[in-house]
Amino acid sequence: MQISKPVAYRVDIIESERGWGTKIDEVKYFDNEPEAKEFCRVYNLKNPPGPAPDWYMIAQYVGKV
């Protein structure tokens, strides 16, 4: 009997600070791709348009893991 691995879709929450660089602050896993991508879209709406501020957080879709 072959055991199948669970499938998850990964999203990294990345912190960026001018002069300090970036780091992964949190990793989230979702059951499906549309849910993961929608989370990123909504999460990233909190960042104002225009030039990047000195500090911000962004959600980045990584993909199937």
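Look above for the structure.
Throughout what follows, the structure given in this document is the object of discussion.

Taken in spatial order, the three strands of this open sheet run 2-1-3, and their pairing is antiparallel. Each of the sheet's edge strands pairs with one partner strand only, and the pair in question is strand 2 (21-30) and strand 3 (55-64). Neighbour-to-neighbour, the strand axes of this sheet turn through a mean angle of 25°, independent of strand direction. Taken together, the nine bridges between strand 1 (residues 9-17) and strand 2 define a ladder with antiparallel strand orientation. Along strand 2, the bridge assignment pairs Tyr9 with Phe30. Sitting on the sheet, helix 1 (residues 33-44) touches strand 1, strand 2 and strand 3, and the angle it makes with strand 3 is about 170°.

The next subject is the pattern of salt bridges. Should the charged atoms of two oppositely charged side chains come close, the side chains can pair. Inspection of every chain in the model, using the stated rule, returns six salt bridges. Between Lys23 and Glu15 there is a salt bridge, with its nearest N and O atoms 3.8 Å apart. For Lys23, a relative accessible area of 48% gives the class partly exposed. Ionic pairing is found between Lys37 and Glu33, a salt bridge with its closest N-O pair at 3.1 Å. Pair noted here: Lys37 and Glu33 are both in helix 1, with a separation of four residues, about one helical turn. Residue Lys37 is classed as partly exposed on the basis of its relative accessible area of 42%. In this structure Glu33 comes out as partly exposed when scored by relative accessible area, which is 32%.

Analysis parameters
Residues numbered from 1 in each chain as written. Predicted model: local features only at pLDDT ≥ 70, side-chain atom pairs only at ≥ 80, totals over all residues. Heavy atoms only, no water. Pairing = 2+ DSSP bridges. Helix = DSSP H or I, 4+ residues; strand = E, 2+ residues; numbered from the N terminus. Axes fitted to C-alpha atoms, helices over the stretch in contact; angles between N-to-C directions. Contact = heavy atoms within 4.5 Å. Salt bridge = Lys/Arg side-chain N within 4 Å of Asp/Glu carboxyl O. Buried < 20%, exposed > 50% of the residue type's maximum accessible area, 1.4 Å probe, protein only.

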